[in-house]
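Descriptive structure summary
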Amino acid sequence: MVKICCIGAGYVGGPTMAMIALKCPNIQVVVVDISKPRIAAWNSDELPIYEPGLDEVVKACREKNLFFSTDVEKHVAEADIVFVSVNTPTKTRGLGAGKAADLTYWESAARMIADVSKSDKIVVEKSTVPVKTAEAIEKILTHNNKGINFQILSNPEFLAEGTAIEDLAKPDRVLIGGRETPGGQKAVEALKAVYAHWVPEDRILTTNLWSAELSKLAANAFLAQRISSINAMSALCESTGADVSEVAYAVGKDSRIGPKFLNASVGFGGSCFQKDILNLVYICECNGLTEVAHYWKQVVQINDYQKTRFVKRVVSSMFNTVSGKKIAILGFAFKKDTGDTRETPAIDVCHGLLGDKALLSIYDPQVTEDQIKRDLAMNKFDWDHPLHLQPQSPTAFKQVSVVWDAYEATKDAHGVCIITEWDEFKKLDYQRIYDNMQKPAFIFDGRNVLNVEALRKIGFVVYSIGKPLDPWVKDLQVSI
Ligand SMILES: NC(=O)C1=CN([C@@H]2O[C@H](COP(=O)(O)OP(=O)(O)OC[C@H]3O[C@@H](n4cnc5c(N)ncnc54)[C@H](O)[C@@H]3O)[C@@H](O)[C@H]2O)C=CC1
Ligand SMILES: O=C(O)[C@H]1O[C@H](OP(=O)(O)OP(=O)(O)OC[C@H]2O[C@@H](n3ccc(=O)[nH]c3=O)[C@H](O)[C@@H]2O)[C@H](O)[C@@H](O)[C@@H]1O
């Protein structure tokens, strides 16, 4: 029986390994992690991450051919294939701080693999890493003097949160990069055989190591670039009276452009887009490609601009101050159908409003009070380290309350900000919300999910990203 071990039981390691176990009953899969609470949660009824469909997949294979353990060394030693899916955060200190990937966790995993291995292994990069990382990993692994053969493969993951199970079950492609040596190609074939249990052969792409590593960074950069492009257009729409949804539809109808990923928003969030683009920027700079670095950096800068622009709209619309005013924040996760708050635009929007002394009442159906308060207190990039290395106790914020109902959040509020596109926000009774708010009552839709005309009929002053401006908002002199 082939034995797979995955180091890192996070958003990628957990669901990916669960899918392999489900589709390959003849393979034993063990997911290991240094975090005891995380492994305990994977072994319980309350999985550590919220992901539609994940419970069913895990329950179908757990304790059969899928196991979760903190006994990292034992399971790595026994495995034929070791996936490494640990954190690769942005460096906060030293060379490349604020841009380069911090490979501390990867390096320590590689050193541990080298130390405990007694048999040949295929080591698979599942984490997103800078191009050429495999070279460094190879050096760590092959300097073991034990005569053990390690083959390094790059097999980046393309799943998106909220649709992880769907993405894993029917991937657009699986990408495997390996050395162009007989040993390297044999390893590529072995990994290909795992995915071939359920992925059609023409969707399993094989490349050299560096192409696979770089394709992952490139894919995220292209995706984020589309969002920054439409968000840049949203600002121009507001200045000209064009409607960003109509523009996106018309542009996306061109089959060369396509309709997906053109939803204007308060800004993209999530653990990877910003991190991976900054990493790409750093790699370009290191290779002397200043113009290329500058080009990709703009994608992140437009994203920051979009979040700031949103806050300015809120403050300027409400008589240029939100000091002492209650503002309801509906949604804190970085997108719907996940409880993940990593790099969510909600953090920047809340900081912006708190900076203007607003009183925030926050509601998200999947994010706990503890998480929200820790997020608001954390330094930039600190969130992307293993849980036990993050600040544990939430800071008390006098200006912030977290509630478990949208009606409670909006009661007596002056304004409402929609930050996450949860389906339930479309179905709220906005007449009831209006009746219970201070007047004039403002709604700022950062996701374009609400019916603007219906809200205006009720009496709200409405701002919706990239849509023709409410006369109230239009008449304001704002520098955005
Ligand atoms: N979250 C996502 O949707 C995607 C993430 N990725 C990439 O996958 C990688 C992992 O991301 P996530 O799963 O989101 O991170 P995560 O933070 O959810 O999980 C990483 C896990 O690795 C564990 N870990 C760290 N060092 C370890 C070590 N030495 N030994 C054992 N366990 C260790 C941590 O305790 C943590 O549970 C990152 O490189 C990320 O860029 C790629 C595609 C999608
Ligand atoms: O490397 C990763 O971590 C993953 O990053 C993204 O996945 P994810 O961040 O989970 O979610 P997305 O659906 O890409 O959304 C990212 C952000 O962009 C925003 N977004 C997305 C689409 C859009 O049209 N507009 C928009 O503002 C979302 O609301 C969210 O805040 C990619 O879609 C995955 O392919 C990739 O594997």
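Residues numbered from 1 in each chain as written. Chains lettered and ligands numbered in written order. Predicted model: local features only at pLDDT ≥ 70, side-chain atom pairs only at ≥ 80, totals over all residues. Heavy atoms only, no water.

Going by what an unreviewed UniProt entry lists, the chain is known as UDP-glucose 6-dehydrogenase and is assigned to Sphagnum troendelagicum. Taken verbatim from the UniProt record of the chain, the Sequence similarities (unreviewed entry) comment is "Belongs to the UDP-glucose/GDP-mannose dehydrogenase family." Listed under Catalytic activity (unreviewed entry) in UniProt, the entry text for the chain is "UDP-alpha-D-glucose + 2 NAD(+) + H2O = UDP-alpha-D-glucuronate + 2 NADH + 3 H(+)". (UniProt positions renumbered as here; feature names shortened; annotations may be inferred.)

A word on the site of ligand 1
Within the structure, ligand 1 sits among 26 residues, and Asp-33, Arg-38, Thr-88, Glu-161 and Lys-275 are positioned closest to it. Between ligand 1 and Arg-38, the relevant distance is 2.8 Å, taken from an oxygen atom to a side-chain nitrogen or oxygen of the residue. Arg-342 has a polar side-chain atom sitting 2.9 Å from an oxygen atom of ligand 1. Taken together, the residues of the shell around ligand 1 break down into 9 nonpolar, 10 polar and 7 charged. (Near = heavy atom within 4 Å. Polar contact = N/O pair within 3.5 Å; in protein donor to acceptor, adjacent residues only side chain to side chain. Nonpolar A, V, L, I, M, F, W, Y, C, P; charged D, E, K, R; others polar.)

Let's talk about the site of ligand 2
Close to ligand 2 lie 20 residues, the nearest being Phe-158, Leu-159, Ser-265, Cys-272 and Arg-447. Between ligand 2 and Glu-157, the relevant distance is 3.4 Å, taken from an oxygen atom to a main-chain nitrogen or oxygen of the residue. Arg-447 places a side-chain nitrogen or oxygen 2.6 Å from an oxygen atom of ligand 2. Compared with its free state, where it exposes 700 Å², ligand 2 has 90% of that area covered by protein. (Areas by Shrake-Rupley, 256 points an atom, 1.4 Å probe, with all protein chains shown as cover.)

Here's the deal with empty space enclosed by the protein
Scanning all chains against the criterion turns up 1 cavity of 30 Å³ or more. Here the largest cavity is characterised by a volume of approximately 40 Å³. Every residue lining the largest cavity is listed: Lys-3, Ile-4, Cys-5, Gln-28, Val-30, His-75, Glu-78 and Ala-79. When residues of the lining of the largest cavity are traced back to their parent elements, those giving at least two are β1 (2–7), β2 (27–32) and α4 (72–78). Here the element with the most residues in the lining of the largest cavity is β1; it accounts for 3 residues. Residues that form the lining of the largest cavity fall into these classes: 4 nonpolar, 2 polar and 2 charged. (1 Å grid on protein atoms, 1.4 Å probe; cavity = no way out; pocket = protein on both sides within 12 Å on 5 of 7 lines; lining within 4 Å. Points joined across faces, edges and corners; volume = space filled by probe spheres on them. Helix = DSSP H or I, 4+ residues; strand = E, 2+ residues; numbered from the N terminus.)

Looking at helix α1 (residues 13–23)
Burial analysis of α1 places 9 of its 11 residues in the buried class, the great majority of the element. Buried within α1 we find Gly-13, Gly-14, Pro-15, Thr-16, Met-17, Ala-18, Met-19, Ile-20 and Ala-21. (Buried < 20%, exposed > 50% of the residue type's maximum accessible area, 1.4 Å probe, protein only.)

Structural notes on the environment of Ala-114
Along the chain, Ala-114 falls in helix α5 (residues 104–116). Separated by 187 residues in the primary sequence, Ala-114 and Gln-301 place their C-alpha atoms 40 Å from one another. Not counting residues within four places of it along the chain, the set of residues in contact with Ala-114 comprises Ile-140, Leu-141, Asn-144, Lys-146 and Phe-150. (Contact = heavy atoms within 4.5 Å.)

Focus: unusual backbone geometry
Between Lys-439 and Pro-440 the backbone carries a cis peptide bond, its omega angle lying at -5°. Mapped onto the secondary structure, Pro-440 falls in the loop between α16 (430–435) and β13 (442–445). Despite not being glycine, Glu-63 has its phi angle at roughly 70°, a positive value. You can see Glu-63 is positioned in the loop between α3 (54–61) and β3 (66–69). Here Glu-63 falls in the exposed class, since its relative accessible area comes to 55%. Phi at Lys-357 takes a positive value of approximately 70°, unusual for a residue other than glycine. Within the secondary structure, Lys-357 sits in the loop between α13 (345–355) and β10 (359–363).

Remarks on the pairing of strand β6 (residues 150–154)
Burial runs high along β6: 5 of the 5 residues are buried. Across 5 bridges, strand β5 (residues 121–125) lies against β6 in parallel orientation. Among the inter-strand pairings, Val-123 is bridged to a residue of β6, identified as Ile-152. (Pairing = 2+ DSSP bridges.)

A word on the nonpolar core
Of all hydrophobic cores here, the largest spans 65 residues; its most connected members are Phe-310, Leu-353, Tyr-430 and Phe-460. The residues touching Leu-353, leaving out its near neighbours within four places in the chain, are Val-311, Val-314, Val-315, Val-322, Ile-327, Ile-329, Ala-358, Leu-360 and Cys-417. (Core = buried A, V, L, I, M, F, W, Y, C linked by side-chain atoms within 4.5 Å.)

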